[in-house]
Amino acid sequence: MKHEYNRIDKLTLNELITIAGNNNVYRDKSDLQSYSTDESTMAIPMYPEVVVKPSDVKIVAQILALANRKNIPVTPRGAGTGLSGGCVPLYSGLVLSLEKMNHIKRIDLNNLIAIVEPGVSLNQLDEALNQHNLYYPIHIGDMSATIGGSIATNAGGLNAVKYGVTRNNILGLEAVLTSGKTIHTGGEYIKCTTGYDFTQLLTGSEGTLAVITEIMLKLLPRPVTREMMFIPYNNLQNAIDTVPELLQLKTVPTGIEFIDNDAIKIVEEYMETEVPYHEQPAFLMIIMEGDSYDNVISHFSEIGDICRKHGAVEVLIPDDERAKRKLIDIREKIQPAIKKAGKSDLVDAVVPRSEIARFVYKVKEISRKYGIPVITFGHAGDGNVHLHPICSGIDEIVWTKKMPAVMQEIYKASVALGGTISGEHGIGMEKKQYLSLAMDKEKIRLMKEIKMIFDPNNILNPGKIFDL
Ligand SMILES: Cc1cc2nc3c(=O)[nH]c(=O)nc-3n(C[C@H](O)[C@H](O)[C@H](O)COP(=O)(O)OP(=O)(O)OC[C@H]3O[C@@H](n4cnc5c(N)ncnc54)[C@H](O)[C@@H]3O)c2cc1C
């Protein structure tokens, strides 16, 4: 498969301007810079030639048809909060930013459905739903992410224990193919066994198959209250050993997170704050939602007993919004804190929940073997472990040389324990060299064939997930 693309010449640029309007076509270097990378720690910035910001599906269709005809690579982009280089325009060309398609088209109170454009952010949706006492339960660490991007990455986040991930909360999509044709998948119904499920195929396809232009989301009644507990432990194994018992509770927690002491230290520095019991090596953060404060707190007393039985040093329940916000911030700021602290890489592996402690100890072994510190935290309730090998106390050239072997060993360990290499951030450009550790040849061949059916000229987000 060829990887040579045409550049955007003057004629094509004028055609883009005719299609999208002069105000929606950007080509100055200063404008292009913010579309050259995402939030991943290792992505090397790559400037597009042009950024186009379409305002509706018809414009998307015309742009894709034009790019296909002219052999120009197109990289779809939401908010650029991705952590695997998914929206980095590896082959330059055109970045198709969906940011101006940011309208909530309909909130259907009778069917509990929202129809939204891809550029709507998770925050924006949450605010709108709040007015109707409704809820879309995907809560990720950066709520400025768009719905389109979260579908394309099958985002997971903090609430997955109770509500599942993005793919469990969508009913249908509108998407544009590289031919310029538009398809509609799923529908405003809950059940469907009518042929292959294209909604699920496009979810998590990382912008390689089609551009998502409209999303039909499943909504829920909004929980009245969302409370949390913060539980220090004197070792990680005890913290993780608590989780299976929590998952067997009749009222399952919304989220169960774990954080190691190195992550706490780095976030304390970043937030200029002191975390209670910060000297302890491991922490659980448990989130629970319910229909009244008293009801949730009554569950907390049972959960507290379970945690103490497993060796919790203390069980802390913040009693006002400020204290709650601080705890959530501690968890959500780990990622930016690590990024700010210096060079690091990011692993987003997932293992069976019972294997988290074994996996983390294996990673610590690898860390010692190579002399590379690794910070660990993540979603204990769903087995999704975030690991950051950091370049600290080690020469950068040495670190860079050692990292491929370190990453290889970490990914192999996750697969050996029955897991896989990405739980929620996607493969993007950063993990594609490790894909064969997690997927056999036959599955990779099928994925490539599917890609060729959707995008025979390989113009849509080329170089992501795999190379053709
Ligand atoms: C601090 C921080 C915390 C985070 N926490 C979490 C977390 O808890 N859970 C989690 O899952 N992720 C998390 N992320 C990662 C990120 O927020 C998600 O991957 C998110 O889904 C990306 O959305 P986006 O709009 O920024 O997409 P982008 O980064 O712009 O794009 C991501 C991918 O989607 C494709 N894409 C975007 N829009 C479309 C579209 N309309 N059609 C087709 N393809 C499209 C792009 O080509 C790219 O491959 C976090 C990121 C940060 C910075």
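I will try to describe carefully the structure that is included in this document. The shown structure was predicted, so the numbers you read here are calculated from the model rather than taken from an experiment. (Residues numbered from 1 in each chain as written. Predicted model: local features only at pLDDT ≥ 70, side-chain atom pairs only at ≥ 80, totals over all residues. Heavy atoms only, no water.)

1. A look at the overall build of the chain
Then step 1. Helix and strand counts for the chain come out as 16 helices and 16 strands.
Then step 2. On C-alpha atoms alone, the chain measures out to a radius of gyration of 22 Å, which is about the 23 Å that the 2.2 N^0.38 rule sets for 468 residues.
Then step 3. On the principal axes, the C-alpha backbone points of the chain span a range of 70 × 60 × 45 Å.
Then step 4. Across the 468 residues that make up the chain, the buried fraction comes to 55%.
Then step 5. Entry remark: accessible area of the chain is about 20,000 Å², with carbon and sulfur atoms responsible for 51%.
Then step 6. Distance from the positive charge centre (50 side chains) to the negative charge centre (57 side chains) of the chain: 6 Å. (Helix = DSSP H or I, 4+ residues; strand = E, 2+ residues; numbered from the N terminus. Rg over C-alpha atoms; globule rule 2.2 N^0.38 Å. Buried < 20%, exposed > 50% of the residue type's maximum accessible area, 1.4 Å probe, protein only. Areas by Shrake-Rupley, 256 points an atom, 1.4 Å probe, with all protein chains shown as cover. Lys, Arg positive; Asp, Glu negative; His and termini not counted. Charge placed at Lys NZ, Arg CZ, Asp CG, Glu CD.)

2. Brief notes about the side chain of asparagine 461
Then step 1. You can see asparagine 461 is positioned in the segment after helix H16 (441-454).
Then step 2. We classify asparagine 461 as buried; its relative accessible area is 2%.
Then step 3. Of the polar contacts made by the side chain of asparagine 461, one reaches the side chain of lysine 464; its length is 2.7 Å.
Then step 4. With sequence-adjacent residues up to four places away left out, asparagine 461 is seen in contact with Val74, Thr75, Pro76, Gly86, Val88, Glu206, Gly207 and Thr208. (Polar contact = N/O pair within 3.5 Å; in protein donor to acceptor, adjacent residues only side chain to side chain. Contact = heavy atoms within 4.5 Å.)

3. What about the sheet that holds strand E15 (residues 374-379)?
Then step 1. The five strands lie next to each other as E12-E14-E13-E15-E16, forming an open sheet whose pairing is antiparallel. If you trace the sheet from one side to the other, it starts and ends with strand E12 (225-233) and strand E16 (384-389), each paired once. Adjacent strand axes in the sheet meet at a mean angle of 15 degrees, parallel and antiparallel pairs treated alike.
Then step 2. Set on the sheet, helix H12 (residues 334-341) makes contact with strand E13 (255-260), E15 and E16; between it and E15 the angle comes to about 160 degrees. (Pairing = 2+ DSSP bridges. Axes fitted to C-alpha atoms, helices over the stretch in contact; angles between N-to-C directions.)

4. A word on a nonpolar patch on the surface
Then step 1. Taken together, the side chains of Tyr196, Phe198 and Leu201 present a nonpolar region at the surface, about 350 Å² in accessible area.
Then step 2. Locating leucine 201 in the fold gives a position in helix H7 (residues 198-202).
Then step 3. Residue class for leucine 201 comes out partly exposed when judged on its relative accessible area of 31%. (Patch = residues over 30% accessible without salt bridge, like charges linked within 9 Å, V, L, I, M, F, W, Y side chains within 5 Å. Salt bridge = Lys/Arg side-chain N within 4 Å of Asp/Glu carboxyl O.)

5. Focus on the packing of aromatic side chains
Then step 1. Throughout the structure, instances matching the rule amount to five aromatic pairs.
Then step 2. Measuring from centroid to centroid gives 5.8 Å for tyrosine 135 and tyrosine 163, while their planes differ by 75 degrees, and the two rings are edge-to-face. Residue tyrosine 135 is found in strand E7 (residues 134-135), and its partner tyrosine 163 is found in helix H6 (residues 160-163); the two are separated by 28 residues along the sequence. Taken individually, tyrosine 135 and tyrosine 163 each receive the classification buried, so the pair is uniform in this respect.
Then step 3. Seen from the ring of tyrosine 26, lysine 53 lies directly overhead, with NZ or CZ sitting 4.1 Å from the centre. (Phe/Tyr/Trp six-rings, centres within 6.5 Å; stacked < 30°, edge-to-face > 60°. Lys NZ or Arg CZ within 6 Å of the ring centre and 35° of its normal.)

6. A look at helix H14 (residues 396-416)
Then step 1. With 21 residues, H14 should reach 30 Å at 1.5 Å per residue; the first-to-last C-alpha distance of 30 Å fits that figure.
Then step 2. Methionine 403 marks where H14 bends most, by close to 40 degrees; the proline proline 404 follows one to four residues later.
Then step 3. In the core, the buried residues of H14 are packed alongside helix H13 (356-370), E16 and helix H15 (435-438).
Then step 4. Between the side-chain oxygen at the start of H14 and the backbone nitrogen of isoleucine 397 there is a gap of 3.0 Å, and the oxygen is on aspartate 395. (Expected span 1.5 Å × (residues − 1). Bend = angle between axes of the 7 residues up to and from the residue.)

7. A look at the packing of helix H11 (residues 321-332) against H12
Then step 1. Across the interface, H11 lies against H12 with an axial gap of 5 Å and an inter-helix angle of 45 degrees. Taken together, the axes of H11 and H12 are oblique relative to one another. Side by side, H11 and H12 meet where Ile330, Arg331 and Glu332 of the first sit next to Ile334, Gln335 and Pro336 of the second.
Then step 2. Considered class by class, the residues forming the contact of H11 with H12 number three nonpolar, one polar and two charged. (Parallel < 35°, antiparallel > 145°, perpendicular 65-115°, else oblique. Nonpolar A, V, L, I, M, F, W, Y, C, P; charged D, E, K, R; others polar.)

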